[in-house]
Amino acid sequence: MTTEVLLLAIACGITILAFLIAINAHGPFRISFSYFLATLMLSGTVWMITRYVNQDLEIKRSIELTRIEEKRKAEEEAYRKDAEVLVMQNRVLSSYTSKLVLLIANAVNLTNQMLTVNLQNKSEDYETLSGRAAETKRKVDELSAQYDKMDSVKTYLPEQYALVKDAFKKLSEAVYSYKNYYVSEDSVQEAQREKLFRLRAKEALDKFNKAGAMLGR
């Protein structure tokens, strides 16, 4: 029991005692004076109790306001940190998107060149034709190697990453058939390799374009 509670108990006891004295008093003057003192005691006791209760409520209210303020500050700090993380993620995403868009544009340009190439251009000799095929394969391998170094794209752009990866696989198969076209054993093998070359190149182009469209949304 705290000191304040003990004092309130004593005050209540004295107030009750004062009213008992007033009840047992005799004579008009004694009765009036006793009830006057008892009323004063009652008023003082009620005031002390009210003050004690209000003080307790004020402390609880202060504690609650402090808790609410701390919660608000914590939420603001969490929001600020989340906003900073989001800004950083958007910057990283924008950077990867720009790099991927540029790589896809180069791959699309190269694939279109492959699809329009004349495999049996009569105005060019065998060395020129086969040399162009070898150079095209080198460019495809170079672009594919650049893409292999962009593993972080998988984290931020998983769907586009998978599409482009598959597109490069198709393009590598296409350029392999393109290069081997010039070492075919006969016209039947030539036709098969040209058909596979153009089919795989077209499949690669479709996937590159789809990935590019997704990045442009």
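Structural data are supplied above this passage.
What comes next is a walk through the structure. Remember, it's a predicted structure, so these values are computed and weren't measured experimentally.

## Examining the packing of helix 3 (residues 126-148) against helix 5 (residues 158-181)
Closest axis-to-axis distance for the helix 3/helix 5 pair is 9 Å, and the angle between their directions is 160°. Taken together, the axes of helix 3 and helix 5 lie roughly antiparallel to each other. In this structure, the crossing between helix 3 and helix 5 has a hand that is left-handed. Touching R132, A133, A134, T136, K137, V140, L143, S144, Y147 and D148 of helix 3 are Q160, Y161, V164, K165, F168, L171, S172, V175, Y178 and K179, all from helix 5.

## What about the environment of E194?
Relative to the assigned elements, E194 resides in helix 6 (residues 187-215). Residue E194 is classed as partly exposed on the basis of its relative accessible area, which comes to 26%. In sequence terms E194 and K179 are 15 residues apart; their C-alpha atoms lie 9.9 Å from each other.

## Comments concerning the pattern of salt bridges
Applying the stated criterion across every chain, the model contains 11 salt bridges. With its nearest N and O atoms 2.3 Å apart, the salt bridge here joins E69 to R72. Highlighted residues: E69 and R72, both in helix 2 (residues 28-116), separated by 3 residues, approximately one helical turn. Residue class for E69 comes out partly exposed when judged on its relative accessible area of 31%. The class of R72 is partly exposed, set by a relative accessible area of 35%.

## Let's talk about the nonpolar core
Grouped together as the largest cluster of nonpolar side chains are 37 residues, with contacts concentrated most on L100, I104, Y147, V164, F168, Y178 and F208. Going through the elements one at a time, helix 2, helix 3, helix 5 and helix 6 are the ones with two or more residues in this core. For this core, the element with the most residues is helix 5, which contributes 10 residues. Aside from chain neighbours lying at most four places away, what touches F208 is I104, A107, V108, T111, V164, A167, F168 and L171.

## A look at the packing of helix 5 against helix 6
Helices that pack against each other are described as a pair by the angle of their axes relative to one another and the distance between those axes. Relative orientation of the contacting elements helix 5 and helix 6 amounts to 160°, with a least axis distance of 8 Å. Taken together, helix 5 and helix 6 sit at an angle that is classed as roughly antiparallel. Crossing geometry of helix 5 relative to helix 6 is assigned as left-handed. Taken together, the residues of the contact of helix 5 with helix 6 sort by class into 16 nonpolar, 3 polar and 11 charged.

## A closer look at a nonpolar patch on the surface
Residues I16, L17, L20, I21 and I23 make up a contiguous nonpolar surface patch of about 500 Å² in total accessible area. Relative to the assigned elements, I23 resides in helix 1 (residues 3-24).

## Focus on the environment of L17
Within the element layout of this structure, L17 appears in helix 1. For L17, a relative accessible area of 47% puts it in the partly exposed group. A C-alpha to C-alpha distance of 9.9 Å links L17 and M41, two positions 24 residues apart in sequence.

## Description of the packing of aromatic side chains
By the definition in use, this model includes 7 aromatic pairs. Each ring, one from Y178 and one from Y182, has its centre 6.2 Å from the other, and the planes form 55°; the classification is tilted. By relative accessible area, which is 10% here, Y182 ends up buried. When the centroid spacing of 4.8 Å and the interplanar angle of 20° are considered together, the rings of Y178 and F197 count as stacked.

Here is what the cut-offs are and how they apply
- Residues numbered from 1 in each chain as written.
- Predicted model: local features only at pLDDT ≥ 70, side-chain atom pairs only at ≥ 80, totals over all residues.
- Heavy atoms only, no water.
- Axes fitted to C-alpha atoms, helices over the stretch in contact; angles between N-to-C directions.
- Helix = DSSP H or I, 4+ residues; strand = E, 2+ residues; numbered from the N terminus.
- Parallel < 35°, antiparallel > 145°, perpendicular 65-115°, else oblique.
- Left-handed = near helix turned anticlockwise from the far one by under 90°.
- Contact = heavy atoms within 4.5 Å.
- Buried < 20%, exposed > 50% of the residue type's maximum accessible area, 1.4 Å probe, protein only.
- Salt bridge = Lys/Arg side-chain N within 4 Å of Asp/Glu carboxyl O.
- Core = buried A, V, L, I, M, F, W, Y, C linked by side-chain atoms within 4.5 Å.
- Nonpolar A, V, L, I, M, F, W, Y, C, P; charged D, E, K, R; others polar.
- Patch = residues over 30% accessible without salt bridge, like charges linked within 9 Å, V, L, I, M, F, W, Y side chains within 5 Å.
- Areas by Shrake-Rupley, 256 points an atom, 1.4 Å probe, with all protein chains shown as cover.
- Phe/Tyr/Trp six-rings, centres within 6.5 Å; stacked < 30°, edge-to-face > 60°.

Functional significance is not addressed by these values, which are geometric in nature.
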